[in-house]
Amino acid sequence: MIHKYDKILSLIDANVAQEIGRLKSIQQSTNKYILQLVLLVLSGIFVLFFVIYSRAKLRESELIKLVAERTQDMKQVHVQMKSLIDNSSDAIVSIDSNQKIILFNPAAEETFQYKKEEALGQPLNMLLPEDVRHSHSKHVKGFGENKNVDARLMETRSEVKGKRKDGSLFDAEASISKSSINGLIYFTAFVRDITERRKAEKEIRRLAMYDSLTGLANRHHFENILKDAIAYTNRFPENKIA
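These numbers come from a predicted model, not from an experiment.

Chemist: I keep staring at the pattern of salt bridges and nothing clicks. Help me out?
Modeler: Side-chain pairs of opposite charge can arise whenever the charged atoms involved come near each other. Counting across every chain of the model gives eleven salt bridges. The partner of Glu118 in a salt bridge is Lys165, with the nearest N and O atoms 2.7 Å apart. Note that Glu118 is positioned in helix 3 (residues 116-119) and Lys165 in the loop between strand 3 (158-163) and strand 4 (169-181), a separation of 47 residues in sequence. Judged by its relative accessible area of 33%, Glu118 falls in the partly exposed class. On the basis of relative accessibility, which here comes to 44%, the residue Lys165 falls in the partly exposed class. When the shortest N-O distance is used, the salt bridge between Glu173 and Arg197 registers 2.6 Å. Taken as a pair, Glu173 in strand 4 and Arg197 in helix 5 (residues 195-209) lie far apart in primary sequence, 24 residues in all. Given the relative accessible area of 13%, Glu173 is considered buried. Judged by its relative accessible area of 34%, Arg197 is partly exposed. Residues participating in the shared-partner salt-bridge network are Glu130, Arg133 and Lys163.

Right, dumping it as C-alpha cells:
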C-alpha cells in the first residue's frame, strides 16, 4: 500500500513539476512579450517625440525666417521713411502728448535755424510767436483729446507765423495730423516757409498796379480805385461827393 502511495505521490510531484515548468515557460514568454510591448511603446513614443520635435524645429525655423524677413522689411520701411523725412522740402516737426519735440528734420533746421540737437526735447512753443503760444497749445491739446475729430480735419494748410532762433518771424503754411501709437498720442506738423512766395505775390500785384518804368499808378490801378469809390457811394449815398 505504501508503495502504491509513493507511486501516486511521485506522479503528483512529476505533474506538479511539469506544471511548474509550463508556468515558468509561460511566465518567460509573458515577460518576453511584455518586454517587447514595452520596447514597442517606447519606440512609438520616441518616434512621436521625434516627429513633434522635428515639426517644432521646422516651425521655429519658419518663424525665425519670417521674423527676419519682417524685420528686414521694417528696416527697409524705416530707411525709406527716414529718407523721405530727411529729403522733404517742408519742415517736419513731431511732438508727443506733452507737446515736446521728438522729431526735427533737416528742412526744419533750415527753416527755424535750430540744430536738431537744440530742438529735441524742447516745447513746440519755441517755434511760435509769443502772442499765439497759449492759444495754439490749447488748440493742439483739444485736438488730441477730442475722439471725434479726425486727423484729416487739421491737414488743410493754414497760414501761420513761425519764429526763427534769432527771433525773426516769417510767413508759413502749416498742417498738423495726429496718430496713436500704443495708446499714446503724437502730432506731426508740416511747415512750409512762404516768405519768398509772399514777396513774389506782392511784386506781381505791384506790377499789375504800377508802371514798371515810372513807378506811377497805371490804368488798372485807377480803375480799381474808381470801382471802389462807386461801390462806396452806392452803399453810402449820404456821403456822395457833389
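From this point, the narrative continues.
Chemist: Teacher, can you tell me more about the pairing of strand 2 (residues 101-104) here?
Modeler: On any regular strand, side chains alternate: one points to one face of the sheet, the next to the other face. As judged from the three bridges shared by strand 1 (residues 91-95) and strand 2, these two strands associate in the antiparallel manner. Note that in strand 2 the partner of Ile95 across the bridge is Ile101.

Chemist: What should I look at first to understand the nonpolar core in this one?
Modeler: Across soluble globular proteins, you tend to see nonpolar side chains buried next to one another. Counting residues in each nonpolar core, the largest one holds 22 residues, and the members touching the most others are Val93, Ile101, Phe104, Phe112 and Leu127. Elements supplying a minimum of two residues to this core: strand 1, strand 2, helix 2 (106-112), helix 4 (133-145), strand 4 and strand 5 (184-193). The residues touching Phe112, leaving out its near neighbours within four places in the chain, are Ala91, Val93, Phe104, Leu127, Gly162, Lys163, Arg164, Lys165, Phe170 and Val191.

Chemist: Before we go on, may I ask you to explain unusual backbone geometry in this structure?
Modeler: Glycine aside, residues mostly have negative phi angles, and peptide bonds mostly take the trans form. We note that Gln99 has phi near 60°; this positive angle belongs to a residue other than glycine. You can see Gln99 is positioned in the loop between strand 1 and strand 2. For Gln99, a relative accessible area of 10% translates into the label buried. If you check the backbone angles, Asn182 has positive phi at about 55° while not being a glycine. With respect to the helices and strands, the residue Asn182 is situated in the loop between strand 4 and strand 5. By relative accessible area, Asn182 is classed as exposed at 77%.

Chemist: Sorry, what's going on with helix 4 here?
Modeler: Each α-helix turn comprises 3.6 residues. Residues three or four places apart therefore point the same way. In a regular helix each residue adds 1.5 Å, so 13 residues correspond to 18 Å; helix 4 covers 18 Å between its end C-alpha atoms and thus fits that length. Taken together, the buried positions of helix 4 are Val140, Phe143 and Gly144. Taken around the axis of helix 4, the buried residues stretch over an arc of 95°, which confines them to a single face. Along helix 4, exposed side chains directed more than 90 degrees from the buried face belong to His134, Lys138, Lys141 and Glu145. Its buried side turned inward, helix 4 meets strand 1, strand 4 and strand 5.

Chemist: Help me understand the pairing of strand 1, please; the structure alone is not making it clear to me.
Modeler: Within strand 1, five of the five residues are buried, which leaves it mostly tucked inside the rest of the structure. Burial along strand 1 is two-sided: Ala91, Val93 and Ile95 and Ile92 and Ser94, pointing in opposite directions, are all buried. Note that strand 1 and strand 5 share five bridges and pair antiparallel. Within strand 5, the position partnered with Ala91 by the bridge is Val191. Remark: five residues form the turn of the hairpin made by strand 1 and strand 2, two consecutive strands paired antiparallel; Gln99 in that turn has positive phi of roughly 60°.

Chemist: Honestly, a nonpolar patch on the surface in this entry has me stumped. Any pointers?
Modeler: There is a patch of nonpolar side chains on the surface, built from Tyr33, Ile34, Leu35, Leu37, Val38, Leu39, Leu40, Val41, Leu42 and Ile45 and spanning about 970 Å² of accessible area. The residue Val41 is located in helix 1 (residues 2-87) in this model.

Procedures and definitions
- Going along each chain's sequence as written, the residues are numbered from 1 onward.
- Since the coordinates come from a predicted model, pLDDT governs what is reported: local features require at least 70, and pairs of side-chain atoms require 80 or more to be given and counted, while whole-chain, interface and lining totals use all residues.
- Side-chain measures here rest on the full set of heavy atoms in the structure, leaving out hydrogens and waters.
- Whenever a carboxyl oxygen of Asp or Glu lies within 4 Å of a side-chain nitrogen of Lys or Arg, that contact is scored as a salt bridge.
- Counting from the N terminus, the helices are DSSP H or I runs at least four residues long and the strands are E runs at least two residues long.
- When accessible area is computed with a 1.4 Å probe and restricted to protein chains, residues below 20% of their type maximum are described as buried, those above 50% as exposed, and intermediate ones as partly exposed.
- Paired strands are those between which DSSP finds at least two bridges.
- By convention a nonpolar core is built from buried Ala, Val, Leu, Ile, Met, Phe, Trp, Tyr and Cys residues, the set being connected through side-chain atoms within 4.5 Å.
- Contact definition: two residues touch when any of their heavy atoms are within 4.5 Å.
- In this analysis, the expected span of each helix is defined as 1.5 Å times one less than the number of residues it contains.
- Along the arc lie the directions from the helix axis toward the C-beta atoms.
- Exposure above 30% relative accessible area and the absence of a salt bridge qualify a residue for a patch, where like charges join within 9 Å and nonpolar side chains (Val, Leu, Ile, Met, Phe, Trp, Tyr) within 5 Å.
- Reported accessibility uses the Shrake-Rupley method at a 1.4 Å probe radius. Residues are deemed covered only where the shown protein chains occlude them.

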